[in-house]
Amino acid sequence: MPLKKNARALPIPPPADRRRFRQRLLTWYRRHGRDLPWRKTDDPYHILVSEIMLQQTQVDRVLPKYAEWLDKYPSMGVLAAAPEREVTETWYPLGYNIRPRRLQSIARESVAKYGGQLPSDEATLLTFKGIGAYTAGAIRSFAFRERAAILDTNVARVLFRVFIAKGDPKGHAMTRHLWTLSETLVPMRHVFDFNQALMDFGAMICVARNPKCLICPMKKDCRAYPFTPGP
Ligand code: SF4
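Note that the coordinates shown come from a computational prediction; the quantities given were computed from them, not determined experimentally.

## Focus: the overall build of the protein chain
Helix and strand counts for the protein chain stand at twelve helices and zero strands. Its helices and strands in sequence order give the protein chain the pattern α-α-α-α-α-α-α-α-α-α-α-α, from N to C terminus. Principal-axis analysis of the C-alpha atoms gives the protein chain an extent of 50 × 40 × 35 Å. Look at the contacts in the protein chain between residues 6 or more apart in sequence, and 64% of them connect residues 24 or more apart. Surface summary for the protein chain: the accessible area is close to 12500 Å², and the carbon and sulfur share equals 54%. Each charge class in the protein chain was averaged separately, 37 positive and 21 negative side chains, and the resulting centres sit 10 Å apart.

In structure tokens:
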């Protein structure tokens with residue numbers, strides 16, 4: 001089957017390489033990681049709000065809205081009961097207005113079925129409309145401190161460049177492989193820091209255009225180093 005063939009062509013890095021990657025990433029994060037309000041909470045609702053806001057919006061625009069939102073809707077119950085129009089207006093000017101509607105529908109479902117809480121198991125989280133594999137991994141690792149992987153655009157770019165650097169980074173088989181890679185890399189301890197570090201690293205060092213290879217702690221082992229942008 002093509003997937004098997006692909007799995008042979010894209011091996012998982014050996015344990016020593018994975019260990020080195022984790023150590024370098026965590027060391028970098030402890031010095032340079034961003035101080036963000038959703039990193040100071042393990043409330044699943046707060047984490048959910050931050051993750052949905054960050055899906056299409058830069059951190060600096062999310063920061064004031066995150067504070068305003070939680071002030072106005074401090075719990076799933078309050079959000080579930082709010083008028084829909086008001087919820088969309090409160091979201092302004094973040095855009096992509098499907099997001100506040102999804103957030104409210106998740107809140108309503110959690111109130112109806114789970115007492116206003118989010119469940120921690122992946123299968124149940126994935127039954128919510130608006131919670132995909134990435135958001136489920138973020139909620140499990142950031143709120144419940146479980147050993148769960150994440151893969152968004154930033155994380156996929158980092159893992160692809162460091163460990164693969166060949167082929168179509170956005171292909172279906174590659175995405176599956178990158179998920180496997182992310183799952184294999186998640187450490188037993190410090191899962192929260194590790195996943196936050198991956199996101200910061202993709203947002204601050206291994207950025208899409210002009211990654212900062214010269215100051216990058218991964219450059220010794222990075223397969224894409226020195227990164228040269230395509231035509
Ligand atoms: Fe990204 Fe460059 Fe660092 Fe490789 S060396 S991880 S391409 S910034």
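## Here we look at helix α7 (residues 98–114)
Taking 1.5 Å of rise per residue, 17 residues should cover 24 Å, and α7 covers 23 Å from first to last C-alpha, within 8% of that figure. Listing the buried residues of α7 in full gives Arg99, Pro100, Leu103, Gln104, Ile106, Ala107, Glu109 and Ser110. Residues of α7 that are buried in the fold lie against α3 (44–54), α4 (59–72), α5 (76–81) and α6 (84–91). Among the residues trailing α7, Gly115 stands out with phi positive, at a value near 65 degrees.

## Things to note about the confidence of the model for the protein chain
Looking at the protein chain as a whole, its pLDDT mean stands at 93, while 95% of the residues score no less than 70. The weakest mean pLDDT in the protein chain belongs to helix α1 (residues 2–9) at 42; the strongest belongs to α5 at 98. Considering only residues more than four positions removed or in separate chains, one finds that residues 1–7, a stretch of pLDDT under 50, has three contacts.

## With respect to the site of the ligand
Every residue close to the ligand is listed here: Arg161, Val162, Ile205, Cys206, Pro211, Cys213, Cys216, Lys219, Cys222, Tyr225 and Phe227. Looking at side-chain class alone, the shell around the ligand contains nine nonpolar, no polar and two charged residues.

## Description of the packing of helix α2 (residues 15–32) against helix α12 (residues 191–204)
It is at 9 Å that the axes of α2 and α12 come closest, and there the two elements cross at 75 degrees. Compared by their axis directions, α2 and α12 come out roughly perpendicular. From α2, Phe21, Arg22, Leu25, Leu26, Trp28, Tyr29, Arg30 and His32 reach across to α12, where they touch Asp193, Phe194, Gln196, Ala197, Leu198, Asp200, Phe201 and Met204. Across the contact of α2 with α12, the residue classes break down as ten nonpolar, two polar and four charged.

## A closer look at unusual backbone geometry
In this structure, the amide linkage connecting Tyr92 to the following residue, Pro93, adopts the cis form with an omega of 10 degrees. One can find Pro93 in the loop between α6 and α7.

## Here's the deal with the nonpolar core
Judged by nonpolar contacts, the single largest core of 70 residues is most densely connected at Phe21, Trp69 and Leu159. If near-sequence neighbours (up to four positions away) are discounted, Trp69 is found in contact with Tyr45, Val49, Met53, Leu79, Val87, Thr90, Trp91, Pro100 and Leu103.

## A word on the packing of aromatic side chains
Within this structure, the stated rule accounts for eight aromatic pairs. Seen from their ring centres, Trp38 and Tyr66 are 5.1 Å apart, and the 75 degrees between their planes marks the pair as edge-to-face. Placement of Trp38 in the loop between α2 and α3 and of Tyr66 in helix α4 is noted, with a sequence separation of 28 residues between them. Here Phe142 and Phe192 contribute two aromatic rings whose centre-to-centre distance is 5.4 Å and whose plane-to-plane angle is 70 degrees, an arrangement assigned as edge-to-face. You can see Phe142 sitting in helix α9 (residues 133–143) and its partner Phe192 sitting in helix α12, a full 50 residues away along the chain. Summarising the burial analysis for this pair, Phe142 and Phe192 share the class buried. Through successive ring pairs, a cluster of aromatic residues spans Phe21, Phe163 and Phe194. Here the guanidinium or amino end of Arg161 rests over the ring plane of Phe227, the centre of that ring lying 4.0 Å away.

Cut-off values and rules
Every chain is numbered independently, its residues counted from 1 as its sequence is written. Local features are withheld for residues below a pLDDT of 70 in this predicted model, meaning they are given only at 70 or higher, and side-chain atom pairs are given and counted only at 80 or more; totals for whole chains, interfaces and linings count all residues. Side-chain measures were taken over the full set of non-hydrogen atoms in the model, leaving aside hydrogen atoms and water. Here a strand is any run of E in DSSP of at least two residues, a helix any run of H or I of at least four, and the numbering for each starts at the N terminus. The criterion used for residue contact is that any of the two residues' heavy atoms lie within 4.5 Å. Methods summary: accessible areas were calculated by the Shrake-Rupley approach with a probe of 1.4 Å, and residue burial reflects only the protein chains presented. For the purpose of charge, His is not counted, nor are the chain termini; Lys and Arg are scored as positive and Asp and Glu as negative. For charged residues, the charge sits on one atom: NZ in Lys, CZ in Arg, CG in Asp, CD in Glu. Between the first and last residue of a helix there are one fewer steps than residues, each counted as 1.5 Å, and that sum is the expected span. A simple rule labels every residue: compare its accessible area, found with a 1.4 Å probe on the protein chains alone, to the largest value its type can have, and call it buried under 20%, exposed over 50%, or partly exposed in between. Values of pLDDT, the confidence the predictor places in each residue, fall between 0 and 100. Each residue is tested against the molecule or strand, and it is near if at least one of its non-hydrogen atoms lies within 4 Å. Here the term charged refers only to Asp, Glu, Lys and Arg, the term nonpolar to Ala, Val, Leu, Ile, Met, Phe, Trp, Tyr, Cys and Pro, and the term polar to all other amino acids, Gly among them. With axes taken as lines fitted to C-alpha atoms, and helix axes fitted only over the stretch in contact, angles between N-to-C directions fall between 0 and 180 degrees. Put simply, angles under 35 degrees are roughly parallel, angles over 145 are roughly antiparallel, angles from 65 to 115 are roughly perpendicular, and the rest are oblique. The nonpolar core is taken to be a set of buried Ala, Val, Leu, Ile, Met, Phe, Trp, Tyr and Cys residues, with the residues joined through side-chain atoms within 4.5 Å. Ring pairs are drawn from Phe, Tyr and Trp, using the six-membered ring of Trp, whenever the two centres fall within 6.5 Å, and their geometry is named by plane angle: stacked under 30 degrees, edge-to-face over 60, tilted for the rest. Counted as over-ring charges are cases with an Arg CZ or a Lys NZ within 6 Å of the ring centre that also lie within 35 degrees of the ring normal.

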